[in-house]
Amino acid sequence: MRLTFPYQTERLGPVKVYGVQHVFELDSGPSLGDTSLSWGTTVAHIPYNTLVRVQRQMAIVVPCRDERLKLLEGVLAAVPHECLVILVSNSQREPVDRYAMEVESVERFCRFNHRSALVVHQRDPGLADAFAAAGYPHILSDGRVADGKGEGMMVGIALASLAGREYVGFVDADNYVPGSVTEYVNAYAADFALARTPYSMVRICWQSKPKVVDGSLFFSRWGRVSETTNRFLNLMLAELTGFGTEAIRTGNAGEHAMSLPLALRLRFASGYAVEPFELIDLFERFGTAQDHPMPEADVMRRGIEIYQVETRNPHFHEDKGDAHIEDMRLAALATIFDSEVCPPRLRDEIREFLKREGVDDPDAALTRGTAVYPPLETVDWESFARLLRDRAVTFAEVAYPDDNRIIDTPPLPLTWNRRTGPAGDSA
Ligand code: GDD
Ligand code: MG
């Protein structure tokens, strides 16, 4: 892949936010004895073999809640071969067991292509037991892992960590353009190859998001949610640095990836607040002089790099309606509004903005009870793995061509059975 060498930088303490990188070539070929990643200073060439090397260490988490099976299958087919696939599903199990259908698709995908995958249902009580036993009850609600995309992502990070992967990326399951998923995952790998710190993140924005308007296709540049979230995140960053900025272009990036050392140290927010909150967490803990419990010496010394890539493929996903979009926008604004580093002036601006948008009581609209979960680094991984294998009947390690384990822990009976599907599953 050939893309802009990230040269513009916005700094906040140890956090570097790079300017948006553009993709010049989706496939820039192999390395031809050219060891330098950069030509001149403005273009980075990440040879094919370098992408593969990084992807061998990468897990791709697909969070999925009642998406069309055809779309999920397209997404699976697009995840580059070396990546481990992790399906975290919150799909319905009754009256139709959609989860069993998804697992069947994953199993077939792995069998045909000699791939490996981990699958689990987010609401499996055994998964909740594993978190509780591992000293991480925070994510539970009524004895199960709480609903929500953020929570699904955290389950995915936990599984990526158990599988010993160095990087974890996310791709939504409701994508109509499988080729775009390949581009996202290649962009993740390209920037991880460029990264100069163990604590890095890659966030995707799109050149266009096509919509059908009056019967024809319109390639809109920005979604309504992103536009608002980015504006207020940039205002917040500007308040913290003292310089106006437009650096943040990926406040809502559902398609993004992190190095495991960073993923395990971040706090996450529930539901759709998760992506903007990742940035806010970095601002809160590393970007200000506030007395926060966390600044770890190693993170401070090596720094955190945030890459942003504008991909070539259009982002074409399921339309979930205006109410859903509005809810997501409020979730993002509320995390900015609630942040301890949000200056009162910015809170007023958010209120004003919502009033202009026709919201009568902005404070009430911004009160959403978003949960913020502590970093996953405190999880006792051995207990987690043991309980997961013992109790989570929907959990399975699908590994082809051999029945090898993906998670390396003391031997326990395999929960996956090729003929009957996940144990305890009557489908
Ligand atoms: N495991 C799990 N659990 N997955 C979920 C849940 C859940 O509770 N809720 C939603 N998902 C899955 C969906 O099935 C989909 O694959 C993905 O998470 C994204 O959810 P969508 O409902 O499709 O969100 P969106 O398309 O409106 O928004 C996406 O893009 C935004 C940026 O434009 C999301 O990725 C947002 O998080 C992102 O901010
Ligand atoms: Mg979607």
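Structure's up top.
Remember, it's a predicted structure, so these values are computed and weren't measured experimentally.

Looking now at the overall build of the chain. Helix and strand counts for the chain come out as 14 helices and 21 strands. For 427 residues, the compact-globule formula gives about 22 Å, and the C-alpha radius of gyration of the chain, at 21 Å, lands near that figure. Projected onto its principal axes, the C-alpha coordinates of the chain cover approximately 60 × 55 × 55 Å. The burial tally for the chain puts 58% of its 427 residues in the buried class. Look at the contacts in the chain between residues 6 or more apart in sequence, and 73% of them connect residues 24 or more apart.

Turning our attention to the packing of helix α11 (residues 322-338) against helix α12 (residues 344-356). With their axes 9 Å apart at the nearest point, α11 and α12 run at an angle of 155° to one another. Viewed along their axes, α11 and α12 adopt a mutual orientation that is roughly antiparallel. The way α11 lies across α12 gives a crossing that is left-handed. Of the residues in α12, those touching α11 at R329, L330, L333, I336, F337 and D338 are L346, R347, I350, R351, F353 and L354.

Glancing now at the environment of N186. Here N186 is to be found in helix α6 (residues 178-194). Here N186 falls in the buried class, since its relative accessible area comes to 14%. When the C-alpha positions of N186 and I46 are compared, they lie 9.5 Å apart, and in sequence the two are 140 residues distant. Apart from residues no more than four positions distant in its own chain, N186 is found in contact with M1, L51, Q55 and P80.

Quick look at the coordination of the magnesium ion (ligand 2) now. Distances from the magnesium ion (ligand 2) to its protein donors, D174 (OD) and H317 (ND1), fall within 2.1 to 2.3 Å. Residue D174 is located in the loop between β11 (167-170) and α6, and its partner H317 is located in the loop between β17 (304-311) and α11; the two are separated by 143 residues in the primary sequence. D174 gets classed as buried once you look at its relative accessible area, which sits at 5%.

We now examine the site of ligand 1. Close contacts around ligand 1 come from 23 residues, with E67, N252, Y272, K320 and H324 the closest. In this structure, P63 approaches ligand 1 through a main-chain N or O atom, which is 2.8 Å from an oxygen atom. Note that an oxygen atom of ligand 1 is positioned 2.6 Å from one of the backbone N or O atoms of N252. Across the complex, the protein chains shield 96% of the 730 Å² of accessible surface that ligand 1 would expose by itself. The site holding ligand 1 turns out to be the largest pocket. Those elements that provide at least two residues to the shell around ligand 1 are β6 (58-64), α5 (149-162) and α11. Taken together, the residues of the shell around ligand 1 break down into seven nonpolar, eight polar and eight charged.

So, on to unusual backbone geometry. Cis geometry marks the peptide bond from E94 to P95, where omega comes out at -5°. Inspection of the secondary structure puts P95 in the loop between β7 (84-89) and α3 (98-113). Across the junction of Y400 and P401, the peptide omega takes the value 10°, indicating a cis bond. Relative to the helices and strands, P401 resides in the loop between β19 (396-399) and β20 (416-417). In the Ramachandran plot, H114 falls in the positive-phi region, its phi being about 55° despite a non-glycine side chain. Backbone geometry at D142 places phi at a positive 50°, although glycine is not the residue there.

Turning to empty space enclosed by the protein, a few remarks are in order. As enumerated under the stated definition, the model contains two cavities of 30 Å³ or more in all. In this structure, the largest cavity occupies an estimated 90 Å³ of space. If you trace the largest cavity, you find it lined by I204, C205, W206, R221, W222, G223, S226, R249, T250, G251, N252 and A253. Here the lining of the largest cavity takes three residues from strand β12 (residues 199-206), the largest share from any one element. The class makeup of the residues in the lining of the largest cavity is five nonpolar, five polar and two charged.

Time to look at helix α4 (residues 125-133). In an α-helix, one full turn covers 3.6 residues, which means residues spaced three or four apart are oriented alike. Burial in α4 covers these residues: G126, L127, A128, A130 and F131. Looking at the packing, one finds that the buried side of α4 touches β8 (116-121), β9 (140-141), β10 (144-145), α5 and α14 (381-391). Of the residues flanking the start of α4, the one acting as N-cap is D124, its side-chain oxygen 2.8 Å from the backbone nitrogen of G126.

What follows covers the side chain of S339. The residue S339 is located in the loop between α11 and α12 in this model. Setting aside anything within four residues of it in sequence, one finds S339 in contact with M236, I280, E284 and R347.

With that settled, consider the side chain of T229. Structurally, T229 can be placed in helix α7 (residues 224-241). When near neighbours in sequence (up to four residues on either side) are disregarded, T229 contacts G251, N252, P276, A332 and I336.

Moving on: the environment of V181. With respect to the helices and strands, the residue V181 is situated in helix α6. If sequence neighbours within four positions are ignored, V181 has contacts with V75, A78, V79, V171 and N175.

On inspection of all chains with the given rule, the structure shows seven aromatic pairs. Aromatic ring contacts, followed pair by pair, group F131, Y136, W381 and F384 into a single cluster.

This part is about the layout of surface pockets. Summary: where empty space remains is shown by rolling a probe the size of a single water molecule over the atoms. Roughly 1,100 Å³ of internal volume is contained in the largest pocket. In terms of lining, the largest pocket is formed by 39 residues, of which the most central are D174, H317, E318, H324 and M328. Counting residues per element, the ones that place at least two in the lining of the largest pocket are β6, β13 (209-213), α7 and α11. Residues that form the lining of the largest pocket fall into these classes: 13 nonpolar, twelve polar and 14 charged. Empty space within the second largest pocket amounts to approximately 280 Å³. Y48, L51, Q55, T182 and N186 are, among the 17 residues lining the second largest pocket, the residues nearest its centre. Secondary structure elements with two or more residues in the lining of the second largest pocket: α1 (48-55) and α6. Residues of the lining of the second largest pocket, tallied by class, amount to seven nonpolar, seven polar and three charged.

Cut-offs used in this document
- Residues numbered from 1 in each chain as written.
- Chains lettered and ligands numbered in written order.
- Predicted model: local features only at pLDDT ≥ 70, side-chain atom pairs only at ≥ 80, totals over all residues.
- Heavy atoms only, no water.
- Helix = DSSP H or I, 4+ residues; strand = E, 2+ residues; numbered from the N terminus.
- Rg over C-alpha atoms; globule rule 2.2 N^0.38 Å.
- Buried < 20%, exposed > 50% of the residue type's maximum accessible area, 1.4 Å probe, protein only.
- Contact = heavy atoms within 4.5 Å.
- Axes fitted to C-alpha atoms, helices over the stretch in contact; angles between N-to-C directions.
- Parallel < 35°, antiparallel > 145°, perpendicular 65-115°, else oblique.
- Left-handed = near helix turned anticlockwise from the far one by under 90°.
- Donors = N, O, S within 2.8 Å, 3.2 Å for Na, K, Ca; no water.
- Near = heavy atom within 4 Å.
- Polar contact = N/O pair within 3.5 Å; in protein donor to acceptor, adjacent residues only side chain to side chain.
- Areas by Shrake-Rupley, 256 points an atom, 1.4 Å probe, with all protein chains shown as cover.
- 1 Å grid on protein atoms, 1.4 Å probe; cavity = no way out; pocket = protein on both sides within 12 Å on 5 of 7 lines; lining within 4 Å.
- Sits in = over half its atoms within 2 Å of the grid points.
- Nonpolar A, V, L, I, M, F, W, Y, C, P; charged D, E, K, R; others polar.
- Points joined across faces, edges and corners; volume = space filled by probe spheres on them.
- Phe/Tyr/Trp six-rings, centres within 6.5 Å; stacked < 30°, edge-to-face > 60°.

In short, geometric facts, not functional conclusions.
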